[in-house]
Amino acid sequence: MPIYEGQSVEDAIQNGLKALGVTQDEVQTTIIEEGKKGFLGVGKKNAQVSLEYMAKQETENKSETVNKTEAEEDNEKSSEEIETVEEVSDKEAEQAEKLSEGLDNQEALTQLGIYLTDITKELNAPATIKTSRDAGRIVFDLDTSKKGLLIGRHGKTLNALQYLAQVYIHRIAKDKLPIVVNVGNYRQKREDILESLAERTAEKVDRTGMPAFLEPMPAFERKHIHAVLSKKSYVTTHSEGDEPYRYLVVEPAKKYY
């Protein structure tokens, strides 16, 4: 039985209908895989469905040349697929129910610590974690002998960990807890870099009268630049794009373009 794929179940069905040249009323649809979005492209899976043309099915049922053994095997496979889909759906429904209830803050933070520890092991840079509070934010400090692996080039790996941590805590906690993931003193050094970047960018925008588009960065880093530049009346700032690729735009308060 042909299997058709798509980014969602609906996309997969439409791809199958187009390939067969039929309408949805003329086929029997079986959902094999509902698909997963994944995080930052990791773990992403397309949805998969099988479409069986019902007129063809009736003809095959009437045919005396169908091998009984093969038919029984097909039926067994179909039953197994249905059971698998039902099991997955039951598990997802149970998980969604637990998530919707929300964990108390301390339990959610404990689970986040376990989650981050597991990720560092997968990255071959196992780390111990210490938590602290700073300006209303909960900081997870990752202590490892392989700091470079967890920070990554220009902090991209650390920012990815930051994004995953924030998404994870928002899914399981009752409250929207602000999380910062740090390795060594990287975040402190990064703040100095951001302040310098903000000053240089403001001067360039004021000099050219043209907007400047900064690289994607976490929400708390954008907020830091917002705060620095809010003191300069000749520029304004706003964010554009979708997480985790949301970026900051700095433009002149009075537009010359």
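The preceding data block contains the structure.
Remember, it's a predicted structure, so these values are computed and weren't measured experimentally. (Residues numbered from 1 in each chain as written. Predicted model: local features only at pLDDT ≥ 70, side-chain atom pairs only at ≥ 80, totals over all residues. Heavy atoms only, no water.)

Caption draft 1: Seen up close, the environment of V235. Its place among the elements puts V235 in strand β8 (residues 235-240). Separated by 19 residues in the primary sequence, V235 and K254 place their C-alpha atoms 7.9 Å from one another. Those residues in contact with V235, other than ones at most four positions away along the chain, are A202, V205, L229, V250, E251, P252 and A253. (Helix = DSSP H or I, 4+ residues; strand = E, 2+ residues; numbered from the N terminus. Contact = heavy atoms within 4.5 Å.)

Caption draft 2: Inspection of the pairing of strand β5 (residues 137-143) at higher detail. Burial analysis of β5 places 5 of its 7 residues in the buried class, which makes it a mostly covered element. Taken together, strand β4 (residues 128-134) and the strand that follows it, β5, pair antiparallel across an intervening segment of 2 residues, in which A135 is found at a positive phi of about 55°. Here 5 bridges tie β5 to strand β6 (residues 179-183), and the two strands are oriented parallel to one another. Bridge assignment links F140 to a residue of β6, and that residue is V181. (Buried < 20%, exposed > 50% of the residue type's maximum accessible area, 1.4 Å probe, protein only. Pairing = 2+ DSSP bridges.)

Caption draft 3: Representation of the pairing of strand β9 (residues 247-252) within the structure. When you tally the buried positions in β9, you get 5 out of 6 residues, the bulk of the element. As paired strands, strand β7 (residues 212-213) and β9 are joined by 2 bridges and run antiparallel to one another. The residue bridging F213 from the neighbouring strand is V249, located in β9. The sheet contact formed by β8 and β9 spans 6 bridges and is antiparallel. Paired with S239 across the bridge in β9 is L248. Here β8 hands over to β9 after 6 residues, with G241 in that stretch at a positive phi of 90°.

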